[in-house]
Amino acid sequence: MSLPTSLEAAPATAATPSAPALNRVLFSLSLSMLLSSLGTSISNVALPTLAQAFSASFQAVQWVVLAYLLTITVVIVTVGRLGDLVGRRRLMLWGLVVFTLASLAGGASTTLWQLIAARVVQGLGAATMMALSMALVSERVPKHQVGSAMGLLGTVSAVGTALGPTLGGLLIGVCGWNAVFWINVPLGLMALAMAYRHLPPDPVATAAKPVRFDPVGMVLLALSLAAYSLAMTLGRGAFGPLNASLLLLALLGLGAFVFAETRVAAPLVRLATFRHPVMATGFAASALVTTVVMATLVVGPFYLVGALQLDAMHMGLVMSVGPAVAAVFGAPAGRLVDRVGSQPVGVAGLVTMFLGTTTLPIAATTWGAAGYAGALGLITAGYASFQSANNTAVMASATADQRGVVSGLLNLSRNLGLITGASAMGAVFGFGASTNLVATAGAQQLTAGLHLTFLVAAALVALGGVLTWLGVAASRRITPRAEAQA
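About the criteria used
Every chain is numbered independently, its residues counted from 1 as its sequence is written. Only residues with pLDDT of at least 70 get local features here, since the model is predicted, and only at 80 or more are side-chain atom pairs given and counted; chain-wide, interface and lining totals rely on the full set of residues. Note that water and hydrogens are dropped before the side-chain values are worked out from all heavy atoms of the structure. Only the stretch in contact is used when a helix axis is fitted, and all axes are lines through C-alpha atoms; the angle between N-to-C directions ranges over 0 to 180 degrees. Under the scheme used here, helices are H or I runs from DSSP no shorter than 4 residues and strands are E runs no shorter than 2 residues, and both carry numbers assigned from the N terminus. For this classification, under 35 degrees means roughly parallel, over 145 means roughly antiparallel, 65 to 115 means roughly perpendicular, and everything else is oblique. Each crossing gets its hand from how the near helix is turned against the far one by less than a right angle, where anticlockwise is left-handed and clockwise is right-handed. Whether two residues touch is decided by their heavy atoms; if any such pair falls within 4.5 Å, the residues are in contact. Each residue's exposure class comes from its accessible area (1.4 Å probe, protein chains only) as a fraction of the maximum for that residue type: buried when under 20%, exposed when over 50%, partly exposed otherwise. What makes a nonpolar core is a set of buried Ala, Val, Leu, Ile, Met, Phe, Trp, Tyr and Cys residues whose side-chain atoms join them at distances within 4.5 Å. The length a helix should cover is 1.5 Å for every residue beyond the first. In this scheme, patches are assembled from residues that exceed 30% relative accessible area and form no salt bridge. Like charges are connected within 9 Å, while nonpolar side chains (Val, Leu, Ile, Met, Phe, Trp, Tyr) are connected within 5 Å. Note on areas: Shrake-Rupley with a 1.4 Å probe; residue coverage comes only from the protein chains shown. The working definition used for a salt bridge is a side-chain nitrogen of Lys or Arg within 4 Å of a carboxyl oxygen of Asp or Glu. The criterion for an aromatic pair is that two Phe, Tyr or Trp rings (for Trp, the six-membered ring) have centres within 6.5 Å, with stacked assigned to planes under 30 degrees apart, edge-to-face to planes over 60 apart and tilted to the rest. Our definition puts a charge over a ring when NZ of Lys or CZ of Arg is within 6 Å of the ring centre and also within 35 degrees of the ring normal. pLDDT expresses how confident the predictor is about each individual residue, on a scale running from 0 to 100.

**Some details on the packing of helix 14 (residues 277-306) against helix 17 (residues 342-367)**
Inference 1: Viewed as axis vectors pointing N to C, helix 14 and helix 17 meet at an angle of 15°, and their least axial separation amounts to 12 Å. Viewed along their axes, helix 14 and helix 17 adopt a mutual orientation that is roughly parallel. In the packing of helix 14 onto helix 17, the handedness of the crossing is left-handed. Of the residues in helix 17, those in contact with Val289, Val292, Val293 and Tyr303 of helix 14 are Leu350, Met353, Thr357, Ala364 and Thr365.

Printed below as a string of structure tokens:
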């Protein structure tokens, strides 16, 4: 994949690496991001084969996917903070080692629970790669090129998501399910070699300073996120007493976490981070718009197959429009951020998403699969543009010693959006369709569910827009006061 032109033309200075060196750094980080996103999507297509291979139920083999996603969600803030403390390059290398070894163990598993355990460890490595890739971009790339680099990471992530099902299906057909995990071994070794050779050493001050970690905060946050994630994923869309108990546990854990963070000298997450308007609203808006994107992935297959009567192949082609458009728009959106700023690109992205969510039910009803694909393209183009702008703005607001944890929080907001979207928007779809058995619902019911789902989606995008505007407005009020005090 070619790198953005603006990065290739960057002049070298004493503090800035040359263009070839910078491109090698970006290639290393992009390959790491590709591996982590590929690990999410490539295993989905293997679930039916795994159910047969291990003589297990579909609900049991789903944990091959869930274990990976839940681990990333639970630990990503912690590994981001560890990168700030012990050195981001050092921890990135260890993350690549863990990911590669876990991929090897996953392919060699002889029982389902061995495979699930390997996926937990693989998720730990992936969380490290995801959190520190963005932090290292913010640290190593010149400020006037960060937007392009963030857009490139977004593009690579979308490519990994889109490539996963196709590559996984091919590997299973030719080599068996083990190859779905073993393919990460040579790719992981390549990424490790590139990172070891081309990522600049950690600053001496970072590597030498004493590590002051917050184990209480780490445990409380991990338990809270685990409880929330399980509340949203258990029950296959049904919300029962167990889900309610887990959600209550998550809220209590979050309260305890906030209390604990005010009592330690070196907190895992500085609560002042959430008082920064751009960062606080950026985290919230990222979660909201990702929830909307997840709605297209959850609702789309049921509507396209059940209401529009598409076969699996044509349904897959329509659904592939989303990641394909995101892959195309990510890098250009990042370059536009560098040229005109984060705010105009972010607003344009949200407006595009809003148009897509409001027109999708009408377009799908009127023009069928083509209408659905066109509106889906609008949603994902807007999403890619907004995320490039939002990630750049949030990371630009982070102090040098907090880039890892802020990057972890950004990735956490995205993962929480994915988890919430899969559960909550699926429930909205079922409510609109007046049935919990959407797989057997009629076309009229599915159409009603589609309309309600994207009415809620449009409201979420609008809320994201309001929050973003409030964050920018508050930041503009704070900046003159800070400059006057300086």
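**Some thoughts on unusual backbone geometry**
Inference 1: Even without a glycine there, the phi angle at Ser55 is positive, about 50°.
Inference 2: Counting through the fold element by element, Ser55 comes out in the loop between helix 3 (47-53) and helix 4 (58-61).
Inference 3: Judged by relative accessible area, which is 71%, Ser55 ranks as exposed.
Inference 4: With a phi close to 60°, Gln309 is a non-glycine residue in the positive phi region.

**Side note on the nonpolar core**
Inference 1: Core analysis: the biggest nonpolar cluster contains 56 residues, and Leu29, Ile76, Val77, Met92, Val137 and Val406 have the highest contact counts within it.
Inference 2: Beyond its immediate stretch of four places on either side in the chain, Val77 contacts Leu221, Val269, Val405, Gly408, Leu409 and Leu412.
Inference 3: One finds Met353, Ala373, Leu376 and Phe386 within the second-largest nonpolar core, a separate group that totals 35 residues.

**What to know about helix 14**
Inference 1: Taking 1.5 Å of rise per residue, the 30 residues of helix 14 would be expected to cover 44 Å, and the 43 Å separating its terminal C-alpha atoms lies within 8% of that figure.
Inference 2: Burial runs high along helix 14: 22 of the 30 residues are buried.

**What to know about a nonpolar patch on the surface**
Inference 1: Nonpolar side chains collect at one region of the surface, where Val347, Val351, Leu355 and Leu378 lie side by side and expose about 310 Å² of accessible area between them.
Inference 2: Counting residues per element, the nonpolar patch draws most heavily on helix 17, which supplies 3 residues.
Inference 3: Looking at where Leu378 falls in the secondary structure, it is placed in helix 18 (residues 369-397).

**So, the packing of aromatic side chains**
Inference 1: Applying the stated criterion to the full structure yields 4 aromatic pairs.
Inference 2: On the numbers, 6.1 Å between centres and 75° between planes, the contact of Trp177 with Phe181 is edge-to-face. We note that Trp177, like Phe181, is buried.
Inference 3: The structure contains a cluster of three or more aromatic residues connected by ring pairs, namely Phe54, Trp177 and Phe181.
Inference 4: In this arrangement the basic side chain of Arg89 is found over the ring face of Tyr196, its NZ or CZ atom lying 5.4 Å from the centre.

**Remarks on the environment of Val328**
Inference 1: Tracing the backbone through its elements, the reader meets Val328 in helix 16 (residues 321-340).
Inference 2: Along the primary structure Val328 and Ala381 are separated by 53 residues, whereas in three dimensions their C-alpha atoms are 8.3 Å apart.

**A look at the environment of Met315**
Inference 1: By the element assignment, Met315 lies in helix 15 (residues 312-319).
Inference 2: Classification of Met315 as buried rests on a relative accessible area of 18%.
Inference 3: A C-alpha to C-alpha distance of 9.5 Å links Met315 and Tyr303, two positions 12 residues apart in sequence.
Inference 4: The residues touching Met315, leaving out its near neighbours within four places in the chain, are Pro301, Leu304, Val305 and Leu310.

**Re the confidence of the model for the protein**
Inference 1: Chain-level pLDDT for the protein is 84 on average; 91% of the residues reach the 70-or-more range.
Inference 2: In the model, residues 1-15 has pLDDT below 50 throughout and makes 31 contacts with residues more than four positions away in sequence or in other chains.

**Overview of the pattern of salt bridges**
Inference 1: The full count for this structure, using the stated rule, is 3 salt bridges.
Inference 2: The shortest N-O distance in the salt bridge between Arg81 and Asp84 comes to 3.8 Å. Taken together, the residues span about one helical turn, with Arg81 and Asp84 both in helix 5 (residues 63-86) at a distance of 3 residues.
Inference 3: Under the relative-accessibility criterion, Asp84 is labelled buried at 2%.
Inference 4: Close ionic contact of Glu139 with Arg88 constitutes a salt bridge, the shortest N to O distance being 2.4 Å. Taken as a pair, Glu139 in helix 7 (residues 112-140) and Arg88 in helix 6 (residues 88-107) lie far apart in primary sequence, 51 residues in all.
Inference 5: Take Arg88: its relative accessible area is 7%, and that puts it in the buried class.

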